[in-house]
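Analysis of the macromolecular model
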Amino acid sequence: MPDSSTPLPGSSTPIPGSSTPMPDSSTPIPGSSTPIPGSSTPIPGSSTPIPGSSTPMPDSSTPIPGSSTPMPGSSTPIPGSSTPMPDSSTPIPGSSTPMPGSSTPMPGSSTPSARELRVKTSRVSASLNTSHVPGGGQSDQRPVQAAPPAPRDCSDHMISGAQNNGVYQVTPDPRNKSFSVFCDMTSHRGGWTVLQRRHSGRVSFNRSWEEYRRGFGGLAGGDFWLGNDHIHLLTRSRNMVLRVDLEDLMGARGYAEYSLFRVASERMRYRLSVGGYSGTAGDALRFSKNYNHNNQAFTTPDRDHDRYPSGNCGAYYGSGWWFDACMGSNLNGKYYVGRYKGVRNGIYWGTWPNISAEFYPTNYRLVFKSVRMMIRPRGFAP
């Protein structure tokens, strides 16, 4: 500070508590157009009033009492502080954000505004969808589309272009794992998912509940049962048609088709829902009041869920099936290579032509050379 005995140039007014005179009110301060309150003299370098006051900020060349630290670009310290205050006209390096009510950016700020964020987001999206090519043009590249859903059954594979019989992967329910099935793409307009096949007799169907649940046999070319869990998933969410193809030992062929076929979950004991028959083999799945497989639970030799009160039909006939009390059909019976007598525990379809001739146990039983069960969605059009 100037010595208290030394007057400021052009001033005859002392500073309060001092013998130093204030600048003369009639003397203009260079570079200012703002007058000091009660004066016609402007404050140099400033036209901004102090917030909440009608008094303009002091001139950058005027010291603030009680401070010895000058403001940046100024010789005026902030009262009670040793940190310089940035000059309102001095830009702060590294900042692009202006102070409120000012065109000067805030110190040390790099936070983008909401508008800048929206602009940047739109630019990123555009760069992902469009790639630039030399010469300032743009390529014809389009946004990447989501992959198509996994095939639910063999009909989906056929719609996608598959034409050959064979083993395919299907995912009838995305919440469960995919599994393998055998697809018939050539018979009766194709798109069939095969549930069961018998034609060699090399695989025994006298199996446990667990084996029928998981499935067994060889999909590629042998005899097999797809598995009750898989059959349930395939029929749970789509309206399926069941087709049964049969050929007996003498070469006679027939089929039975059902417009309704559904198998419930294991908790419901794989209960069968079937109806809407058409075909040439007869409606053996709804044979009669006492031998009606519709709405029956699945029974195996080790799990008795049938309606026969005196025993287990599955154990008696040596297979797993939707027995009533006991059967009008049993496509999982024992495979015989020739005619046999005794208990009718072979493959059986109770409405097959001339099958009534074997009514007595002493008669020879009809034998089927091949049989298969397969499904596809109702109304399927390849």
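Going by the structure above, here's the rest.
Attention in this report is confined to the structure presented alongside it. Residues take numbers from 1 onward in each chain, read along the sequence in its written order. Confidence filtering applies because this is a predicted model: local features only for residues at pLDDT of at least 70, side-chain atom pairs given and counted only at 80 or more, and all residues used for totals across whole chains, interfaces and linings. As a rule here, side-chain values come from all non-hydrogen atoms in the structure, and water together with hydrogens is ignored.

Here we look at the overall build of the protein chain
- Note on conventions: DSSP H or I runs of at least 4 residues are helices, E runs of at least 2 residues are strands, and numbering of each starts at the N terminus. Helix and strand counts for the protein chain stand at five helices and 15 strands.
- Think of it in three bands: residues with accessible area under 20% of the maximum for their type are buried, residues over 50% are exposed, and the middle band is partly exposed, with areas taken using a 1.4 Å probe on protein chains only. Across the 382 residues of the protein chain, 39% fall into the buried class.
- Two residues form a contact once any of their heavy atoms are found within 4.5 Å. Taking all contacts inside the protein chain whose residues are at least 6 apart in sequence as the whole, residues at least 24 apart take part in 42%.
- Every accessible area reported is derived by Shrake-Rupley at a probe size of 1.4 Å, with residue values counting cover from the shown protein chains alone. Working note: accessible area of the protein chain is about 21,200 Å², and carbon and sulfur atoms make up 54% of it.

Notes on the side chain of Asp156
- Counting through the fold element by element, Asp156 comes out in helix α2 (residues 154-159).
- In protein, a polar contact requires one atom able to donate a hydrogen and another able to accept it; more generally it is a pair of N or O atoms within 3.5 Å, and residues adjacent in sequence count only if both atoms are side-chain atoms. At a separation of 2.9 Å, a polar atom in the side chain of Asp156 contacts the main-chain amide nitrogen of Arg152.
- In contact with Asp156, other than residues within four places in its own chain, are Pro151 and Arg238.

What about the nonpolar core?
- Among buried residues, the Ala, Val, Leu, Ile, Met, Phe, Trp, Tyr and Cys ones that are joined through side-chain atoms within 4.5 Å form a nonpolar core. Within the largest apolar cluster, 60 residues are counted, with the highest numbers of intra-cluster contacts made by Trp225, Val244, Leu246, Phe261, Leu331, Trp349 and Met373.
- If you tally residues by element for this core, the top one is strand β15 (residues 368-377), at five residues.

A closer look at the state of the cysteines
- When two cysteine sulfur atoms lie within 2.5 Å, the pair is treated as a disulfide. Per the counting criterion, the structure on display carries two disulfides.
- Across the disulfide from Cys154 sits Cys183; the S-S distance is 1.9 Å. Taking the sign of the S-S torsion, about -80 degrees here, the bridge from Cys154 to Cys183 comes out left-handed. On the criterion of sequence distance, the pair formed by Cys154 in helix α2 and Cys183 in strand β6 (residues 179-184) is long-range, its members being 29 residues apart.

Points about the pattern of salt bridges
- We define a salt bridge as a contact between a side-chain nitrogen of Lys or Arg and a carboxyl oxygen of Asp or Glu at a distance within 4 Å. Under the criterion given, the structure shown has 16 salt bridges.
- Two residues, Glu211 and Arg207, come together in a salt bridge whose shortest N-O distance is 3.1 Å.
- As a salt-bridge pair, Arg307 and Asp324 come within 2.6 Å of each other at their nearest N and O atoms. One end of the pair, Arg307, is in the loop between β12 (272-279) and α5 (313-317); the other, Asp324, is in the loop between α5 and β13 (329-330), and 17 residues separate them in sequence.
- In this structure Asp324 comes out as buried when scored by relative accessible area, which is 1%.
- What you see here is one network of salt bridges that share partners, running through Asp184, Arg243, Asp245, Glu257 and Arg372.

Points about the pairing of β15
- With seven of 10 residues buried, β15 is to be regarded as a mostly interior element.
- Strand pairing requires that DSSP identify at least two bridges connecting the strands. The pairing of strand β7 (residues 192-198) with β15 spans five bridges and is classified as antiparallel. Paired with Gln196 across the bridge in β15 is Met373.
- Alignment of strand β10 (residues 240-248) against β15, held across nine bridges, turns out to be antiparallel. Each residue of the ladder has a partner; that of Glu247, found in β15, is Ser370.

Quick notes on the packing of aromatic side chains
- Pairs were defined over the aromatic rings of Phe, Tyr and Trp, the Trp ring being its six-membered one, requiring ring centres within 6.5 Å. Orientation was assigned from the angle between planes: stacked under 30 degrees, edge-to-face over 60, tilted for the rest. Per the stated rule, a full pass over the model turns up 16 aromatic pairs.
- Between Tyr212 and Trp225, the ring centres sit 5.8 Å apart and the planes meet at 70 degrees, which makes this aromatic pair edge-to-face. Of this pair, Tyr212 sits in helix α3 (residues 209-214) while Trp225 sits in strand β9 (residues 224-225); the two residues are 13 residues apart in sequence, bridging distant segments of the chain.
- Among the residues examined, Tyr212 registers a relative accessible area of 0% and is labelled buried.
- Under the relative-accessibility criterion, Trp225 is labelled buried at 2%.
- Every member of this aromatic cluster is reached through a ring pair, and the members are Phe205, Trp209, Tyr212, Phe216, Trp225, Tyr270, Phe298, Trp321 and Trp322.

By themselves these figures say nothing about function.
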